[in-house]
Amino acid sequence: MREILESIAREFARMAAEGEDLVPLTDESVLALKNLARLSAIDSAGSPSGERRKAEAANHQVSPPPQTRKKTTPPDDPPVEEINFVKRIDIPSDDGFKEQASKVRIVKKPSQDFSIAPIPDPKPFQLPEGDKATRWEFLKNLVLSDPVCSEHLKPGKKVVFGTGNLNAQIFFCGEAPGADEEIQGEPFVGKAGQLLTKIIAAMGLERRDVYIGNIMNWRPELPTSKGNRPPTEIEMAYCLPYLLAQIDIVKPKVIVALGNTAVTGLLGPDPTRRMGKVRGTWRKFHDADLMITYHPSFLLQYASNSMKRLVWEDMMAVMERVGMEISPKQRSYFQHG
Ligand code: URA
């Protein structure tokens, strides 16, 4: 539970570092966070803190020791009729960050229980001999039938596996399925996905020309059906072997890491890393060149035209790296206004 809170805190820190001065939270999200904080307190009182697992995940090992902790459920609290508290947000100012407080009044009771099943070691597996399609089918079946992935789904929702061209030169790697993806069982089909599809089209490609996958195969759980949170390092470590196997099958020339979670999942955590600094840079990842860029949902929520231009420059760099021609029209996208 603590990992979830830490991962949310990291996400807020990242947003602040990228110039966000406001975190819009619905009452429902605030309640979800309060519920999480309460569970975290129960968790740390009732089980080892998980420091060793965190350190292992930080070293990017994919075999944390088995989690012996049982499912935790919040105790029955007396119904919360009304809560008054102060929400504090760090906002950038000329002389550093300053705290802004606003009074929040909530008159709802958290209606849902929230428990997360333990995440064990990733199970070792071997892809069969054969062509790409054979190996990919095997892997897809393995992931879709993985009981750990399924255990973290809300009822009726789906595990999400990568999709696209198994001979693609470009492999887009996102974070985790969202609400639309877990319904359809396809990556990037919601609003962010539609923007990604437009970006791909602007490059002169279709979705079927590229491969699209995620760090996570399930949508990280929250007590409510609304809202997303970034995955914890333990969650990412569990799914990472599945992503690596997809990369191994497709053998792309370029991997595009979409956003901070994709970068963290692929390269490992680095608290000093700032998306604003690493965006637009190349790394090596296994046999592929890795381009770091912003996540489409970040563009949807916060981006100005100049930020869209930055992402577009990254995409032109990707096109050049795979030997695609860039037309004068393409070069001029987002240049003005
Ligand atoms: N965001 C992601 O990172 N992946 C998806 O599949 C959808 C939204």
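For clarity, every value in this text was computed on a predicted model and none was experimentally measured. Residue positions are counted from 1 within each chain, in the order its sequence is given. Per-residue local features are limited, in this predicted model, to residues with pLDDT of at least 70; the limit for side-chain atom pairs, both in listing and counting, is 80 or more; totals at the level of whole chains, interfaces and linings are taken over all residues. Heavy atoms from the whole structure form the basis of all side-chain values; hydrogens and water molecules are not counted.

Here we take up the overall build of the chain. Only DSSP runs of H or I covering at least 4 residues are called helices, and only runs of E covering at least 2 are called strands; the numbering of each starts at the N terminus. Along the chain, the regular secondary structure elements total 13 helices and eight strands. Across the 337 residues in the chain, those meeting the buried criterion constitute 48%. When checking whether two residues touch, look at their non-hydrogen atoms; a contact exists if any pair is within 4.5 Å. Long-range pairs, those at least 24 residues apart, make up 71% of the contacts in the chain between residues at least 6 apart in sequence. Surface accessibility in these figures is a Shrake-Rupley result with a 1.4 Å probe; residues are shielded only by whichever protein chains are displayed. Accessible surface for the chain amounts to roughly 16800 Å². Of this, 52% is attributable to carbon and sulfur atoms. In this scheme, a residue with accessible area under 20% of its type's maximum is buried, one over 50% is exposed, and one in between is partly exposed, where area comes from a 1.4 Å probe on protein chains only.

When you line up the elements, Ala179 lands in helix α6 (residues 179-184). For Ala179, a relative accessible area of 32% corresponds to the partly exposed category. Note: C-alpha distance between Ala179 and Lys157 (22 residues apart in sequence) is 9.0 Å. Sequence-distant contacts of Ala179, defined by excluding residues within four places in its chain, comprise Arg219 and Asn228.

The next point concerns the site of the ligand. Whether a residue is near a molecule or strand depends on its heavy atoms: it is near if one of them lies within 4 Å of it. Every residue near the ligand is listed here: Gly174, Glu175, Ala176, Glu181, Pro187, Phe188, Asn214 and His295. One of the backbone nitrogen or oxygen atoms of Phe188 is found 2.8 Å away from an oxygen atom of the ligand. Within the side chain of Asn214, a nitrogen or oxygen atom sits 2.8 Å from an oxygen atom of the ligand. Polar here means any residue other than Ala, Val, Leu, Ile, Met, Phe, Trp, Tyr, Cys and Pro, which are nonpolar, and Asp, Glu, Lys and Arg, which are charged; Gly is therefore polar. A class-by-class count of the residues in the shell around the ligand yields three nonpolar, three polar and two charged. What qualifies as a polar contact is a pair of N or O atoms within 3.5 Å, subject to a donor-acceptor requirement within protein and to the restriction that residues adjacent in sequence count only when both atoms come from side chains.

A few words now on the packing of helix α8 (residues 233-250) against helix α9 (residues 260-267). Orientation is described by lines fitted to C-alpha atoms, with helices fitted over the stretch in contact, and by angles between N-to-C directions that extend from 0 to 180 degrees. Remark: α8 packs on α9, axes separated minimally by 10 Å, with the N-to-C direction vectors making an angle of 80 degrees. If you check the angle between α8 and α9, you find them roughly perpendicular. In this structure, α8 uses Met236, Leu240, Leu243 and Ile247 to contact α9, whose residues at the interface are Thr261, Thr264, Gly265 and Leu266. Taken together, the residues of the contact of α8 with α9 break down into five nonpolar, three polar and no charged. For classification, angles of less than 35 degrees are called roughly parallel, those exceeding 145 degrees roughly antiparallel, those between 65 and 115 degrees roughly perpendicular, and all remaining angles oblique.

With respect to the secondary-structure elements, Arg309 resides in helix α12 (residues 305-321). On the basis of relative accessible area, Arg309 is assigned to the buried category, the value being 11%. Arg309 has contacts with Met316, Arg331, Ser332, Tyr333, Phe334 and Gln335, leaving out every residue within four places of it along the chain.

What follows concerns the nonpolar core. Ranked by size, the top nonpolar core spans 69 residues in total, and within it Ile170, Phe172, Met203, Trp218, Ile255 and Leu266 carry the most contacts. It is α8 that provides the largest number of residues to this core, a total of eleven residues. Sequence-distant contacts of Trp218, that is, excluding residues within four places in its chain, are made with Ile119, Val148, Cys149, His152, Leu153, Ala176, Pro177, Glu235, Tyr238 and Cys239. Residues belong to a common nonpolar core when they are buried Ala, Val, Leu, Ile, Met, Phe, Trp, Tyr or Cys residues joined through side-chain atoms within 4.5 Å.

Below, the discussion takes up the pairing of strand β7 (residues 282-285). Should DSSP find at least two bridges between two strands, the strands are regarded as paired. Of the pairings in the sheet, the one linking β7 to strand β8 (residues 288-293) comprises four bridges and is antiparallel in character. Each residue of the ladder has a partner; that of Trp282, found in β8, is Met291.

Each pair of packed helices can be described by the angle between their axes along with the distance between the axes. Closest axis-to-axis distance for the helix α4 (residues 132-144)/α8 pair is 10 Å, and the angle between their directions is 170 degrees. One way to sum up the angle between α4 and α8 is to call them roughly antiparallel. Taken together, the residues of α8 that come into contact with α4 (itself represented by Lys132, Arg135, Trp136, Leu139, Leu142 and Val143) are Tyr242, Ala245, Gln246, Asp248, Ile249 and Val250. Taken together, the residues that form the contact of α4 with α8 break down as eight nonpolar, one polar and three charged.

Looking now at the confidence of the model for the chain. For the chain, the average pLDDT comes to 80, and 66% of its residues sit at 70 or higher. Low pLDDT (under 50) marks residues 42-112, which in the prediction has 130 contacts with non-local residues, meaning those over four places away or in another chain. Residue-level confidence of the predictor is summarised by pLDDT, bounded by 0 at the bottom and 100 at the top.

Turning our eyes to something else, we now look at the sheet that holds strand β6 (residues 254-258). Reading across the sheet, the six strands line up as β3-β5-β4-β6-β8-β7 and stay open at both edges, with mixed pairing between neighbours. On the outer flanks of this sheet lie β3 (163-164) and β7, each paired with one strand and no other. Summarising the sheet, strand β4 (residues 170-174) and β6 pair through four bridges and their orientation is parallel. Residue pairing across strands places Ile170 opposite Val254, the latter belonging to β6.

Before going further, it helps to examine the side chain of Glu182. Here Glu182 lies in helix α6. You can call Glu182 buried: its relative accessible area is 5%. Within polar-contact distance, the side chain of Glu182 engages the side chain of Arg219 at 3.0 Å.

Counted at 1.5 Å a residue, the expected span for α12 with its 17 residues is 24 Å, and the 24 Å between its end C-alpha atoms agrees. Every buried residue of α12 is accounted for by Met307, Arg309, Val311, Trp312, Asp314, Met315, Met316, Val318 and Met319. Count one or two residues on from α12 and you reach Gly323, which has phi positive near 80 degrees. Helices are assigned an expected span. That span is 1.5 Å times one less than the residue count.

With that settled, the discussion passes to helix α7 (residues 191-202). One full turn of an α-helix is made of 3.6 residues, so residues set three or four places apart face in the same direction. Spanning twelve residues, α7 covers 17 Å between terminal C-alpha atoms, matching the ideal 16 Å at 1.5 Å per step. Among all positions in α7, only Ala192, Gly193, Leu195, Leu196, Ile199 and Ile200 are buried. Projected onto a plane normal to the axis of α7, the buried residues spread over an arc of 160 degrees and lie on a single side. For α7, the exposed residues set more than 90 degrees away from the buried face come down to Lys191 and Lys198. Buried residues belonging to α7 abut β4, β5 (211-214), β6, α11 (296-302) and α12. Of the residues one or two after α7, Gly204 is the one with positive phi, at around 85 degrees. Comment: arc refers to directions from the helix axis out to C-beta atoms.

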